Amino acid sequence: MPEIFINYRTGDGESAAAHLRDKLVERFGNRHVFYASRSIELGDDYEEKLEKALRQCSVLIAVIGPRWTTFGKKLASREDWVRREIEKALHWGTPVIPVLLGRHMPRISAADLPEELAPLADLQSAVFDTHDVEGGVRRIGDAVATLVPGLEVEPDSTAPEPGAVANKTGDVGGNAVQARDVSGGLDFGTRMGEVNGQVHTGSGDLLHNPRFHHGDRHFHGDGATYVEGDQRGETRHYYGERRRDAEEGR
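Along each chain, the written sequence defines residue order, and numbers are assigned to residues from 1. Confidence filtering applies because this is a predicted model: local features only for residues at pLDDT of at least 70, side-chain atom pairs given and counted only at 80 or more, and all residues used for totals across whole chains, interfaces and linings. As a rule here, side-chain values come from all non-hydrogen atoms in the structure, and water together with hydrogens is ignored.

What to know about the environment of D45
Line of reasoning, step 1. Checked against the element boundaries, D45 lands in the loop between α2 (36-39) and α3 (46-56).
Line of reasoning, step 2. For the purposes of these results, a polar contact is taken to be a pair of N or O atoms within 3.5 Å, where, inside protein, one atom must be able to donate a hydrogen and its partner to accept one; residues adjacent in sequence count only when each atom of the pair is a side-chain atom. Separated by 3.3 Å, the side chain of D45 and the backbone nitrogen of E47 make a polar contact.
Line of reasoning, step 3. Within the local environment of D45, its side chain forms a polar contact with the backbone nitrogen of E48, the two atoms lying 2.9 Å apart. For helices the rule is a DSSP run of H or I covering at least 4 residues; for strands it is a run of E covering at least 2, with both sets numbered from the N terminus onward.

Some points on the packing of aromatic side chains
Line of reasoning, step 1. Any two of the Phe, Tyr and Trp rings considered here, Trp counted by its six-membered ring, make a pair once their centres fall within 6.5 Å; the pair's planes then place it as stacked at under 30 degrees, edge-to-face at over 60, or tilted in between. What the rule picks out here adds up to three aromatic pairs.
Line of reasoning, step 2. When the centroid spacing of 4.9 Å and the interplanar angle of 20° are considered together, the rings of F5 and F34 count as stacked. A residue pair is termed long-range when its members are at least 10 positions apart, and F5 in strand β1 (residues 4-7) and F34 in strand β2 (residues 33-34) qualify at 29 residues. Side by side, F5 and F34 carry an identical accessibility label, which is buried.
Line of reasoning, step 3. On the numbers, 4.3 Å between centres and 5° between planes, the contact of Y8 with Y35 is stacked. Note that Y8 is positioned in the loop between β1 and α1 (14-28) and Y35 in the loop between β2 and α2, a separation of 27 residues in sequence. Here's how the labels work: a residue is buried when its accessible area is under 20% of the maximum for its type, exposed when over 50%, partly exposed in between, all with a 1.4 Å probe on protein chains only.

Focus: the sheet that holds strand β4 (residues 96-101)
Line of reasoning, step 1. The pairing criterion for strands is at least two bridges between them, as found by DSSP. Spatially, five strands are ordered β2-β1-β3-β4-β5 in an open sheet, and the strand pairing comes out parallel. A strand with exactly one partner marks an edge of an open sheet, and here the two such strands are β2 and β5 (126-128).
Line of reasoning, step 2. Inspection of the sheet shows strand β3 (residues 59-64) paired to β4 by five bridges, in the parallel sense. Bridging from a neighbouring strand, L60 pairs with V96 of β4.
Line of reasoning, step 3. In what follows, residue pairs with any heavy atoms lying within 4.5 Å of each other are defined as contacts. Only the stretch in contact is used when fitting a helix axis, every axis being a line fitted to C-alpha atoms; angles between N-to-C directions are given from 0 to 180 degrees. Along the sheet face, helix α5 (residues 133-147) touches β1, β3, β4 and β5 and points at about 145° away from the line of β5.

As for the packing of α3 against helix α4 (residues 81-92)
Line of reasoning, step 1. Taken N-terminus to C-terminus, the directions of α3 and α4 make an angle of 30°; their axes are 10 Å apart at the nearest point. Judged by the inter-axis angle, α3 sits roughly parallel to α4. In terms of crossing hand, the pair formed by α3 and α4 is right-handed. Counted together, Y46, E47, L50, E51, L54 and R55 of α3 and W81, R84, E85, K88 and W92 of α4 form the full contact between these two elements.
Line of reasoning, step 2. Just so you know the grouping, Ala, Val, Leu, Ile, Met, Phe, Trp, Tyr, Cys and Pro go in nonpolar, Asp, Glu, Lys and Arg go in charged, and all remaining residues, Gly too, go in polar. For the contact of α3 with α4, the residue count by class is five nonpolar, no polar and six charged. Oblique is the label for every angle not falling under 35 degrees (roughly parallel), over 145 degrees (roughly antiparallel), or within 65 to 115 degrees (roughly perpendicular). By definition, any crossing whose near helix is turned counterclockwise from its far helix by less than a right angle is left-handed, and any crossing with a clockwise turn is right-handed.

A short note on empty space enclosed by the protein
Line of reasoning, step 1. In this analysis, the protein atoms alone were mapped onto a 1 Å grid. Cavities are point sets where a 1.4 Å probe fits without being able to get out; pockets are open sets with protein on both sides within 12 Å along at least five of seven lines; lining residues have an atom within 4 Å of a point. Grid points are joined across faces, edges and corners, and a volume is the space filled by probe spheres set on the points. Going through the model one piece at a time under the given rule, you end up with one cavity of 30 Å³ or more.
Line of reasoning, step 2. Put simply, the largest cavity is a space of about 40 Å³.
Line of reasoning, step 3. Partitioning the lining of the largest cavity into residue classes produces seven nonpolar, one polar and one charged.

Observations concerning the pairing of β3
Line of reasoning, step 1. Burial within β3 is extensive, with six of its six residues counted as buried.
Line of reasoning, step 2. Burial of β3 is two-sided: the residues V59, I61 and V63 facing one way and the residues L60, A62 and I64 facing the other way are all buried.
Line of reasoning, step 3. Of the strand pairs in this sheet, β1 and β3 are connected by four bridges, and their pairing is parallel. By the bridge assignment for β3, I4 is matched with V59.

If you want it as structure tokens, here you go:
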């Protein structure tokens, strides 16, 4: 159920309203935030969805841009959805938080509002400013959390078990495994994109001579491996009991 209803005017601050919506979703979860252009699916009855969300919400956030009261004189029309949404919330006693876009924007005046919206001018407002987005979001989110107990913890996610492994990956072509305790065998295939150089992967013996000389390059010791230039055939590397060769001991 969308406890948070975001009311906004297309053409007067909807980009800021969308940004505010995204931040509130991060904190409270997508299913608890109603934003008409994101929450109403194609083919849905627009008016029915709006009415249902308005009746279910616990708080309405009215995003008010610099031209909100004069934008095409839309507020003067009783058919204006921005007006209707706020009117219904005030009539039903739903808490309304006016959010002013910009720190220099003055409070709205009852004289500039239709009579039915006049109470909006008396409500304590919040400021959402591009110079302090995080601070504004935090203050608005805190106000919502106070008005709607239980929303403080994002309900769409679950906390991991103690000792569990958490991980995120980008695009994966092939198998990807995340695990803590594993029993039994794991059988994987490996796929690689463009590789510059030699790569060995898969099962089979890996054998190599622990002493290698090539020009001024000298490698010696168990576990040393050197591959240079183009390679044809096999690369083998053996980890086991150390074997003596003819040169050792001289």
